[in-house]
Amino acid sequence: SVSLEKRLEGLELEFGESKHAHGNVEQLLTKMHEKVDQLHKQILEERIAREEHHGSVQEKLGEHHATVGERLDYVEKLMGDSVEAHQEQLAAAHAKLADVHAVHHEQ
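The following refers to the structure shown. (Residues numbered from 1 in each chain as written. Predicted model: local features only at pLDDT ≥ 70, side-chain atom pairs only at ≥ 80, totals over all residues. Heavy atoms only, no water.)

### Observations concerning the overall build of the chain
Argument step 1. Looking only at helices and strands, the chain features 1 helix and 0 strands.
Argument step 2. Relative to a compact globule of 107 residues, whose C-alpha radius of gyration would be 13 Å, the chain shows 46 Å and is clearly more extended.
Argument step 3. C-alpha atoms of the chain, sized along the principal axes, occupy 155 × 20 × 5 Å.
Argument step 4. Within the chain, the fraction of its 107 residues that count as buried is 0%.
Argument step 5. Counting only carbon and sulfur atoms, one obtains 60% of the accessible surface of the chain, whose full area is about 10300 Å².
Argument step 6. The chain carries 12 positive and 22 negative side-chain charges, and their two centres are separated by 11 Å. (Helix = DSSP H or I, 4+ residues; strand = E, 2+ residues; numbered from the N terminus. Rg over C-alpha atoms; globule rule 2.2 N^0.38 Å. Buried < 20%, exposed > 50% of the residue type's maximum accessible area, 1.4 Å probe, protein only. Areas by Shrake-Rupley, 256 points an atom, 1.4 Å probe, with all protein chains shown as cover. Lys, Arg positive; Asp, Glu negative; His and termini not counted. Charge placed at Lys NZ, Arg CZ, Asp CG, Glu CD.)

What follows is the structure in structure tokens.
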């Protein structure tokens, strides 16, 4: 039979290894918690950056739409002005033609 002294040494050795292993587990858990906290912070920072980017894109789209609307208004006005000018020129040409016809018919 194993002596009491040997058994006690074995228990002390196991207890020491167990205590050491337990310390390693605690260190590992601490490191894991730190890593989770780090990842959580990164996710939060990325979410904030994405929301800021999304806001600036929405703002730029709004500005672009306003610019497109302004350009369209300008083109419509330009075309309307052009149509009015052509109508006036056409009316003036018809009036001159009528005058020429009147003079020609009088002769």
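### Points about a nonpolar patch on the surface
Argument step 1. Where nonpolar side chains cluster on the molecular surface, the patch consists of Val25, Leu28, Leu29 and Met32 and spans about 370 Å² of accessible area.
Argument step 2. Tracing the sequence through the fold places Met32 in helix 1 (residues 4–106). (Patch = residues over 30% accessible without salt bridge, like charges linked within 9 Å, V, L, I, M, F, W, Y side chains within 5 Å. Salt bridge = Lys/Arg side-chain N within 4 Å of Asp/Glu carboxyl O.)

### Describing the environment of Gly69
Argument step 1. Structurally, Gly69 is set in helix 1.
Argument step 2. For Gly69, a relative accessible area of 28% translates into the label partly exposed.
Argument step 3. Residues Gly69 and Leu29 lie 40 residues apart in sequence; the distance between their C-alpha atoms is 59 Å.

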